[in-house]
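What follows is each chain in one-letter form.
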Amino acid sequence: KIKVTFNKVVNFSEDNIEVLDTDGKEIDDVNLTVSPSGDAKEFKVTLGTKLPGKTVVVKITDVEDTALYPNKMSEYKATIEITDKTAPKVEKVRLDHSGDKYYAYIFFTEDVTNTGLDKDNYAMMDSNGALEVFEKAPRFFDGNIVVRIELKEEEYNALTGGTSLFVQRVEDKAGNGMKGQIIGKEEFKYIGTDAPEVEKVEATAKDKLVVTFTQRLLEGNNINKEAFDVKVDGKSATIGSISVSRVDGKTVVTLNIKDAEINANAKNVELTIVNSDGEYLKNLFGVPVAGNDFVGTIKDKIAPSIVKDGKKLDITAKNVGDNGVIEITFDENIKDSITARDFEVSGYKVENVTAAGNVVTIK
């Protein structure tokens, strides 16, 4: 992630930022998501992929403030190095048995180097702490984030019978190495029972939902907009397009809505996964996401904006006694933690700012 901070409230989105390599070219797998969407001073930009140790060029253009006659910022460029000081961890272990084949799948929290293929970095640990390495060497299964070890039958029986797994010295691409991690039997699951689920849903704009799954899903035709039913104000909305990225090994699907508008507080939108026959949204092992309603709260990541009547902003200026007062009506309630530093009135000094519901009063 990249944090972008401005000295005043601006309108900023994915259209205003590029993350390029040092030659000015696009970087593979980078899929930018800006949060919040709309007006703010500070934004988080998710890259959609990890770039540990990589030097990138951040280019910001055409950013405008929220003045009645907007001021446009000059083009900004910065060269930054993306640092990574966190060692990888084993996120989960899954076991599989088909015929006379036995496997252990070890999922890391991030891509690892070829240290993940060193058989001496994996061992079975009994209740006394004694270690025994596996007979066969591990292999990468999905890129560099999942390792598969083919097991002998007795090794499989040991893991399902109470033996723990010990993993050590595996490094990420930035050279951060694991000190050692014990994964107990209670954390092992059979691969066929490990169905992916919707982890969270965020409304990042009035026409955009971002759906994060708990696992990586097969891509291509497996992720189809027909698998998603979005209702706005109780009516099905048209999904114009979708985009797919991966964050920390999990699939993230962005749904772009065409003919409906999500409220600024995201309370008028619902999501249902339409997948009762398991045709879509399968993980790497062919296990599908179940078709059902998303029962969690769809998170409001939409920045408040000023109410408009046509092109006219709902901003009222008037005199109250000897003081000038400006009232601004937003499309959702504003926290009463704003200060005079959050607003500028050209030619005047802002003395006090208060919020009551969705109306901000500037004095």
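As shown above, the structure is provided for reference.
Because the structure is a prediction, the values reported are computed rather than measured. Counting of residues starts from 1 at the beginning of each chain's written sequence and follows it residue by residue. Local features in this predicted model are restricted to residues of pLDDT 70 or higher, and side-chain atom pairs are both shown and tallied only at a pLDDT of 80 or more, whereas totals for entire chains, interfaces and linings draw on every residue. For side-chain calculations, the full set of non-hydrogen atoms in the structure is used, while hydrogens and water are omitted.

1. Remarks on the overall build of the protein
Now for step 1: A tally of regular secondary structure across the protein gives one helix and 30 strands.
Now for step 2: Residue burial in the protein is summarised as follows: out of 363 residues, 41% are buried.
Now for step 3: Here, residues are in contact when the closest pair of their heavy atoms is within 4.5 Å. Taking the contacts inside the protein whose residues are at least 6 apart along the sequence as the reference set, 59% of them involve residues at least 24 apart.
Now for step 4: Of the roughly 20,000 Å² of accessible surface on the protein, 43% is carried by carbon and sulfur atoms.
Now for step 5: Charge separation in the protein, taken as the distance between the mean sites of 48 positive and 62 negative side-chain charges, equals 2 Å. Elements are defined by DSSP. Helices are runs of H or I of four residues or more, strands are runs of E of two residues or more, and each kind is numbered from the N terminus. Three exposure classes are used, based on accessible area relative to the maximum for each residue type with a 1.4 Å probe and protein chains only: buried under 20%, partly exposed in between, and exposed over 50%. Reported accessibility uses the Shrake-Rupley method at a 1.4 Å probe radius. Residues are deemed covered only where the shown protein chains occlude them. Charge convention: Lys and Arg are scored as positive, Asp and Glu as negative, and His as well as the terminal groups of each chain are ignored. Each charge is placed at NZ for Lys, CZ for Arg, CG for Asp and CD for Glu.

2. Some points on the environment of Pro-70
Now for step 1: Take Pro-70: it is sitting in the loop between strand E6 (64-65) and strand E7 (76-81).
Now for step 2: In the structure, Pro-70 is positioned 60 residues away from Val-10 in sequence and 9.3 Å away in space, judged by C-alpha atoms.

3. Structural notes on the pattern of salt bridges
Now for step 1: What makes a salt bridge here is a side-chain nitrogen of Lys or Arg within 4 Å of a carboxyl oxygen of Asp or Glu, nothing more. Scanning the model with the defined rule gives 19 salt bridges in all.
Now for step 2: Among the salt bridges present, the one from Lys-152 reaches Glu-135, with a minimum N-O distance of 3.4 Å. Of the two residues, Lys-152 sits in the loop between strand E13 (146-151) and helix H1 (153-160) while Glu-135 sits in the loop between strand E11 (131-133) and strand E12 (139-142), which places them 17 residues apart along the sequence.
Now for step 3: In this structure Lys-152 comes out as partly exposed when scored by relative accessible area, which is 29%.

4. Side note on the sheet that holds strand E23 (residues 269-273)
Now for step 1: Taken in spatial order, the three strands of this open sheet run E20-E19-E23, and their pairing is antiparallel. Strand pairing shows two members of the sheet lacking a second neighbour, strand E20 (235-236) and E23, which therefore form its edges.
Now for step 2: Of the strand pairs in this sheet, strand E19 (residues 228-232) and E23 are connected by five bridges, and their pairing is antiparallel. Each residue of the ladder has a partner; that of Val-232, found in E23, is Val-269. Only strands joined by at least two bridges in the DSSP assignment are considered to pair.

5. Remarks on the packing of aromatic side chains
Now for step 1: In summary, the pairing rule links any two rings of Phe, Tyr or Trp, Trp by its six-membered ring, whose centres are within 6.5 Å, and it sorts them by plane angle into stacked for under 30 degrees, edge-to-face for over 60 and tilted for everything else. Inspection of the entire model under this criterion finds 10 aromatic pairs.
Now for step 2: When the ring centre of Phe-107 is taken as reference, the NZ or CZ atom of Lys-92 above it lies at 4.8 Å. A ring has a charge above it when a Lys NZ or an Arg CZ is no more than 6 Å from the ring centre and no more than 35 degrees off the ring normal.

6. A closer look at the pairing of strand E9 (residues 101-108)
Now for step 1: Counting buried residues in E9 gives seven out of eight residues, a clear majority hidden from the surface.
Now for step 2: In this structure, strand E8 (residues 90-98) lies alongside E9, joined through eight bridges in antiparallel fashion. Residue pairing for E9: Lys-92 is matched across the bridge by Phe-107.
Now for step 3: Here E8 folds back onto E9, and the loop between the two strands holds two residues, one of which, Gly-99, carries a positive phi near 65°.

7. What about the environment of Ala-195?
Now for step 1: For Ala-195, the position within the fold is in the loop between strand E16 (188-190) and strand E17 (198-205).
Now for step 2: Setting aside residues up to four positions removed in sequence, Ala-195 forms contacts with Gln-215, Val-287 and Pro-288.

8. Some points on H1
Now for step 1: Within H1, burial applies to Glu-155, Tyr-156 and Leu-159. Taken around the axis of H1, the buried residues stretch over an arc of 100°, which confines them to a single face. The arc in question is traced by the directions running from the helix axis to the C-beta atoms.

9. Description of the sheet that holds E12
Now for step 1: An order of E12-E13-E9-E8-E16 is seen for the five strands of this open sheet, with the pairing classed as mixed. Edge positions in the open sheet fall to E12 and E16, since each of these has one partner strand only. On average, adjacent strands in this sheet sit at an angle of 35° to one another, irrespective of strand direction. To define axes, lines are fitted to C-alpha atoms, for helices over the stretch in contact only, and angles between the resulting N-to-C directions are given on a 0 to 180 degree scale.

10. Details of a positive patch on the surface
Now for step 1: Surface patches are drawn from residues lacking salt bridges whose relative accessible area is over 30%; two like charges belong together within 9 Å, two nonpolar side chains (Val, Leu, Ile, Met, Phe, Trp, Tyr) within 5 Å. Positive charge collects at one region of the surface, where Lys-1, Lys-3, Lys-44, Lys-299 and Lys-301 lie side by side.
Now for step 2: Among the structural elements, Lys-1 can be located in the segment before strand E1 (2-12).

11. Some remarks on the environment of Asp-248
Now for step 1: Of note, Asp-248 is situated in the loop between strand E21 (239-247) and strand E22 (250-257).
Now for step 2: Overall, Asp-248 belongs to the partly exposed group, its relative accessible area being 40%.
Now for step 3: Here the alpha-carbon distance between Asp-248 and Lys-50, two residues 198 residues apart in the chain, equals 7.6 Å.
Now for step 4: With residues near it in sequence (within four places) discarded, Asp-248 still touches Lys-50, Thr-109 and Ile-145.

12. Re the nonpolar core
Now for step 1: In this text, buried Ala, Val, Leu, Ile, Met, Phe, Trp, Tyr and Cys residues form a nonpolar core when linked through side-chain atoms within 4.5 Å. Among the nonpolar cores identified, the biggest contains 28 residues, and Leu-209, Phe-213, Phe-228, Val-230, Leu-255, Leu-271 and Leu-281 are the most heavily contacted of them.
Now for step 2: Contributions of two or more residues to this core are made by E17, strand E18 (208-213), E19, E22 and E23.
Now for step 3: When residues no more than four places from it in sequence are discounted, the contact partners of Phe-228 are Phe-213, Ile-239, Val-253, Leu-255, Leu-271, Thr-272, Ile-273 and Leu-281.
Now for step 4: In terms of nonpolar packing, the next biggest core, distinct from the first, is built from 22 residues, Val-93, Tyr-102, Tyr-122 and Val-147 among them.

13. Remarks on unusual backbone geometry
Now for step 1: A cis geometry characterises the amide bond from Ser-35 onward to Pro-36, with omega recorded as -5°.
Now for step 2: If you trace the backbone, Pro-36 turns up in the loop between strand E3 (33-35) and strand E4 (38-46).
Now for step 3: Look at Asp-62: it is not a glycine, yet its phi comes out positive at around 60°.
Now for step 4: Relative to the assigned elements, Asp-62 resides in the loop between strand E5 (55-60) and E6.
Now for step 5: Positive phi outside glycine occurs at Ala-266, with the angle close to 60°.
Now for step 6: For Ala-266, the position within the fold is in the loop between E22 and E23.

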